[in-house]
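Take a look at the letters that make up each chain.
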Amino acid sequence: MPTRFSIVWIALVIFLTASTALGAQQSIVLRNDFESDRVGDTPKGWLLPKPCAKAGYALSVTEASSASGKHSVELRGKSVDAGMFGNCMRSIDATALRGKRVRFSAQVRCEPDGDAGGAMLWFRVDRADREMGFFDNMGDRPIRSSEWKRYEIVGDVASDAEAIALGMMLLGEGKAMFDDVLVEVVDPATPTTGKQQLEGVPGLAVALYEAKLHVRRATKSATFRFPLPLAYRDQTPLTFNLRLEPDVVDARVRITEGPGPNRVLELELRDVEPRDDLVLRYESVVLVAPTAFDKVPATAPYPETWPEEAAPWLAATWCCDAKDERIQAIGASIRAEAKDVRAAVDLVLKRSQDIFEKAQGRVRTLTAVEALDKQGSCTSCANLVAALLRASGIPARILAGYPLWSGPLQTHYIVEAYVPGFGWYPVESTLGRAAWPNCQQVNVSLVPIEHEAEARAGQRPGAAGAVPFLTLTEYGEKPTISFEGTLKDYCDHEARQVRTIDADAAAWKQTQDWARARWAKWLVSKPEVRGGRVQFGPRHEALTAKSLVELRAEL
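Residues numbered from 1 in each chain as written. Predicted model: local features only at pLDDT ≥ 70, side-chain atom pairs only at ≥ 80, totals over all residues. Heavy atoms only, no water.

1. Examining the environment of Ile414
Going by this rule: Strands are runs of DSSP state E lasting at least two residues, helices are runs of H or I lasting at least four, and both sets are numbered from the N terminus onward. By definition in these notes, contact holds between two residues if any of their heavy atoms fall within 4.5 Å.
Structurally, Ile414 can be placed in strand β17 (residues 412-419). For the pair formed by Ile414 and Val279, sequence separation is 135 residues and the distance between their alpha carbons is 30 Å. Aside from chain neighbours lying at most four places away, what touches Ile414 is Ala382, Arg397, Ile398, Leu399, Val427, Glu428, Ser429, Trp436 and Gln441.

Below, the structure written as structure tokens:
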């Protein structure tokens, strides 16, 4: 499950309006040295959102330390709400910067309180109709050094950009300081930063898992369950490689089926003595074809009855309580305004974005009901969007996976709405975007309605309340072994693009059919752990194929 530091959620809650005009010919767009600001005041043009202030963060000009001159800006957090982050920001008009490459840089030093803390600059381009362009929040390179150093973000400003929002975040407690802020137009050849890719890129991707295992007490047997990448829609797994190091533990695996296309790997460790040096890694290379939405009808009237494949996802559940009085009222309003399913889906996304922007305070669970008022994560966003769709009379189900555009996350959640004449129509419930191409994330679980029940989706080891069951690692009721994700600050999952592949529709279909039959055969082959490894196909670094023909030959 994504933390509150997830870049997806941060991208939602920091929407700003433009405030500074600039000339079209300027190369330096903004320069702040804070020398004219009064010590103790909030720096001119910058702000600290009210939820951050309420959580225990403060922003002010200081003369305690500076990169140059006498003043700098300090963002500090003391006795902050658990899981919160501090965020200071400002915005500029993007009109004169459209089509240009821009660099945002600042001198930064950080003194985090704890190993998981740190500071991150962030830079976002806001396009028309609330579409997001470039976004980088240094999620893959947080700042923890107490020495002054210049950090930068470089990104492209879309041709329809309306505003640029930028700032700095502080994760957890401690303090971070910044000085000599500079925004400037740079040469188009300057490399951009970040891993964000908000346009679908068909080809090869890899899902990665890495964690340290902490055995607290001797145990005869401990079993963990991991959702495997799905063979679903335009996505088919090609390989699976697992390594347990050192090879000193009796390990066994079993693959269980369903429901639907879901597959789960059960890993059992036997006769394990207390230790902290075990590391578990696995990866799966996935082939992702282009997603076509040309057959989605422009209008789709509500049917008299929904197909059998869709009807179960009209139910109200603990995660997605479509019968809640307030959710019912919003659903009735949407149904009254939008007589058509397509129009209703669009309206649900618009209403949910309005709700997310106004949310304040911290959730206790990630249910749809709590998301009506409080800030949560992509999990609560998906739960609320699914609940609103169901309350509007549209079947909706949640899809879990690892996004290819955000860096490491525990798990990310989107939603599929059933559109008559097309079928399951994917929407990015956190960003409010549709249709969402399948190649934006490696999907691992198509959540069945029964996995949204409190008995299964309630608070449990490794998962917050209302995280759908079997969408991330499940530890059991009283685990004797804990997993500490090591891909990034206790995060254990990540999806990465390996390479793009261009091919025509016929070649994609032929290769996907072949790959699906190959994967299905391995799933029923009863794989075994040998020498601490399970191996099906090569590691992703060993794949060199640049075409579908080469890929089949290589595998």
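There's more to say after this.
2. With respect to the packing of helix α4 (residues 341-358) against helix α6 (residues 378-391)
The condition is simple: Only C-alpha atoms enter the line fits that serve as axes; for helices the fit covers just the stretch in contact. Angles between N-to-C directions range over 0 to 180 degrees. The scheme is simple: roughly parallel for angles under 35 degrees, roughly antiparallel for over 145, roughly perpendicular for 65 to 115, oblique for anything else. Crossing chirality is assigned from the near helix's rotation relative to the far helix, an anticlockwise turn below a right angle marking it left-handed and a clockwise turn marking it right-handed. Only Asp, Glu, Lys and Arg are considered charged in this grouping, and only Ala, Val, Leu, Ile, Met, Phe, Trp, Tyr, Cys and Pro are considered nonpolar; every other residue, Gly among them, is considered polar.
Close contact between α4 and α6 brings their axes to 10 Å; oriented N to C, the two are set at 135°. Here α6 runs oblique to α4, going by the angle between their axes. Every pair of crossing elements has a handedness; the one defined by α4 and α6 is right-handed. Contacts between α4 and α6 involve Val345, Val348, Leu349, Ser352, Ile355 and Phe356 on the former and, on the latter, Cys381, Leu384, Val385, Leu388 and Leu389. Looking at the contact of α4 with α6, its residues break down into 10 nonpolar, one polar and no charged.

3. Points about the state of the cysteines
Put simply, the test is: Any two cysteine sulfur atoms within 2.5 Å of one another count as a disulfide.
Taken as a whole and judged by the stated rule, the model has zero disulfides. The closest cysteine sulfur to the non-disulfide-bonded Cys88 is located on Cys52, 9.0 Å from its own sulfur. Here Cys110 stays free of any disulfide, with the sulfur of Cys88 as its closest cysteine sulfur at 12 Å.

4. Remarks on the pattern of salt bridges
This is how it is decided: Salt bridge, as used here, is a side-chain nitrogen of Lys or Arg placed within 4 Å of a carboxyl oxygen of Asp or Glu. For every residue, the accessible area obtained with a 1.4 Å probe (protein chains only) is divided by the maximum for its type, and the residue is called buried under 20%, exposed over 50%, and partly exposed between those limits.
Applying the stated criterion across every chain yields a total of 31 salt bridges. Note that Glu337 is salt-bridged to Arg351, the shortest N-O span being 2.9 Å. Of this pair, Glu337 sits in helix α3 (residues 325-337) while Arg351 sits in helix α4; the two residues are 14 residues apart in sequence, bridging distant segments of the chain. Put simply, Lys509 and Asp513 hold a salt bridge, and the shortest N to O gap is 2.8 Å. Of this pair, Lys509 and Asp513 both sit in helix α8 (residues 505-523), separated by four residues, roughly a single helical turn. Asp513 sits in the partly exposed class, given a relative accessible area of 44%. The structure contains a network of salt bridges with shared partners spanning Glu210, Arg243, Glu245 and Arg281.

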